[in-house]
Amino acid sequence: MQKGFKRYKLIFVPTQIGFDAICDTLMSITDGNMLDEMERDCKAVYDATLTFPVMIPGTRYYKGMKARQRLMERFKKIIADRRSGKACFSDDFLQSMLERDSYPADEKLEDEEIMDNLLTTMLSGQSTTATAMMWSVKFLSDNQHVQDKLRVIKETLRMSNIVMWYPRIASDDCTIDGYEIKKGWIVDVDATYIHYDPALHKDPLRFDPSRFDEMPKPYTYMPFGSGPRTCLGINMAKVTMSVFLHRLTTGYT
Ligand code: HEM
């Protein structure tokens, strides 16, 4: 863990938090005319990843940090309104986090952790699907003959690599394929490399949804990760993209 970074409890566990609870929270925290501004702020935070972390006005990092502060202020107010009963009751993901207030100290969540979980939901739910939809339009437009096939979604996700890699921290010393890995090292699962490996995907640079006529072999296709930390929003993302593509392809060419 890099010095200066605090590790938060991320409480997304698919069995605990359902699709509805996440949707309801997103609806509740983005209600009405707040949406545009929050979306812009989310994008600014997302854009600040992989930038040089120095607070110089005008830079992407600076704008991202300012946007994060604004979002956190909003979350603070939303949490206060929920706790005081000023906001309508909603049986959603935020509520399930607030209900931990009465739990023992090591299980309850600090307000900072609740806000960080909300931000994670918004960031992982917004920019990812939006970027994937943008790439679908590009690939559909380049490949008119496949417009009637919904497998375009899978192929889009293979080629666009929305989440290019995802990190793990080695909990022990180990050796993988002859490479020695020390406890505490950060190891990235490089989904892009896997998706573009010609040994796993024939002619990987070609946009070809029919490659999904057959099931991909295990661990050769992982746009949403794999295992216990698989993307929580996997179904929400697929439904959103399917609805969008249906409307697009039935209404426009
Ligand atoms: C095309 C859209 C999306 C893609 C490609 C995507 C991809 C991913 C990937 C690769 C991971 C990391 C898995 C790992 O570390 O092993 C992840 C985690 C996550 N995603 Fe998504 N995601 C998308 C949409 C969404 C949506 C719509 C939501 C929520 C509304 C969401 C919520 C999450 C959360 C909460 C995690 C963390 C899960 C955990 O660590 O337990 N994602 N996603």
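None of these values were measured; they are calculated from a predicted model. (Residues numbered from 1 in each chain as written. Predicted model: local features only at pLDDT ≥ 70, side-chain atom pairs only at ≥ 80, totals over all residues.)

Undergrad: Before we move on, could you go through the overall build of the protein and cite the residues and values that matter?
TA: Tallying secondary structure elements over the protein gives 8 helices and 4 strands in all. In the protein, the succession of helices and strands from N to C terminus is α-α-α-α-α-α-β-β-β-β-α-α. By residue count, 18% of the 253 residues in the protein fall in the buried class. Intrachain contacts of the protein at a sequence separation of at least 6 include 61% that bridge at least 24 residues. (Helix = DSSP H or I, 4+ residues; strand = E, 2+ residues; numbered from the N terminus. Buried ≥ 20, exposed ≤ 12 C-beta atoms within 10 Å, placed from the backbone. Contact = placed C-beta atoms within 7 Å.)

Undergrad: How would you explain the site of the ligand if you had to name every residue and give the values?
TA: In the vicinity of the ligand lie 23 residues, with Gly-125, Thr-128, Gly-225, Cys-231 and Gly-233 positioned nearest. The element that contributes the greatest number of residues to the shell around the ligand is helix α5 (residues 111-142), accounting for 7 residues. Its residues assigned to classes, the shell around the ligand comprises 14 nonpolar, 8 polar and 1 charged. (Near = placed C-beta within 6 Å. Nonpolar A, V, L, I, M, F, W, Y, C, P; charged D, E, K, R; others polar.)

Undergrad: How would you explain the environment of Lys-182 if you had to name every residue and give the values?
TA: Looking at the secondary structure, you find Lys-182 in the loop between β3 (179-181) and β4 (186-190). In this structure the C-alpha to C-alpha distance between Lys-182 and Ile-169, which are 13 residues apart in sequence, comes to 9.6 Å. Setting aside residues no more than four positions away along its own chain, Lys-182 makes contact with Ala-170 and Asp-173.

Undergrad: Help me get a handle on the UniProt feature "binding site: heme" (unreviewed entry) in the protein, residues and values and all.
TA: Sites flagged by UniProt as "binding site: heme" (unreviewed entry) map to Cys-231. Checked against the element boundaries, Cys-231 lands in the loop between α7 (191-195) and α8 (234-251). The contacts of Cys-231, once residues within four sequence positions are left out, are Phe-224 and Gly-225. (UniProt positions renumbered as here; feature names shortened; annotations may be inferred.)

Undergrad: Summarise the nonpolar core; cite the residues concerned and give the values.
TA: One finds Phe-75 and Leu-118 to be the most contacted residues of the largest nonpolar core, which totals 14 residues. When residues of this core are traced back to their parent elements, those giving at least two are α2 (34-47), α3 (60-84), α4 (93-98) and α5. Judged by nonpolar contacts, the second largest core, of 7 residues, contains Leu-140, Val-152, Leu-157 and Ala-237. (Core = buried A, V, L, I, M, F, W, Y, C linked by C-beta atoms within 7 Å.)

Undergrad: Give a detailed account of the packing of α3 against α5, specifying residues and quantitative values.
TA: Two elements in contact, α3 and α5, have axes separated by 10 Å at closest approach and are oriented at 115°. Comparing their axes, α5 and α3 come out roughly perpendicular. Seen from above, α3 lies across α5 with right-handed handedness. On the side of α3, the interface is formed by Leu-71, Met-72, Phe-75, Lys-76 and Ile-79, while α5 contributes Asp-111, Ile-114, Met-115, Leu-118 and Leu-119. (Axes fitted to C-alpha atoms, helices over the stretch in contact; angles between N-to-C directions. Parallel < 35°, antiparallel > 145°, perpendicular 65-115°, else oblique. Left-handed = near helix turned anticlockwise from the far one by under 90°.)

Undergrad: Talk me through the packing of α5 against helix α6 (residues 152-160); I want residue IDs and the actual numbers.
TA: It is the contact of α5 with α6, at a shortest axis distance of 9 Å, that shows an interaxial angle of 105°. By the angle class used here, α5 and α6 are roughly perpendicular. Between α5 and α6, the residues in contact are Ala-132, Trp-135, Ser-136, Phe-139 and Leu-140 and Val-152, Ile-153, Thr-156, Leu-157 and Ser-160, respectively.

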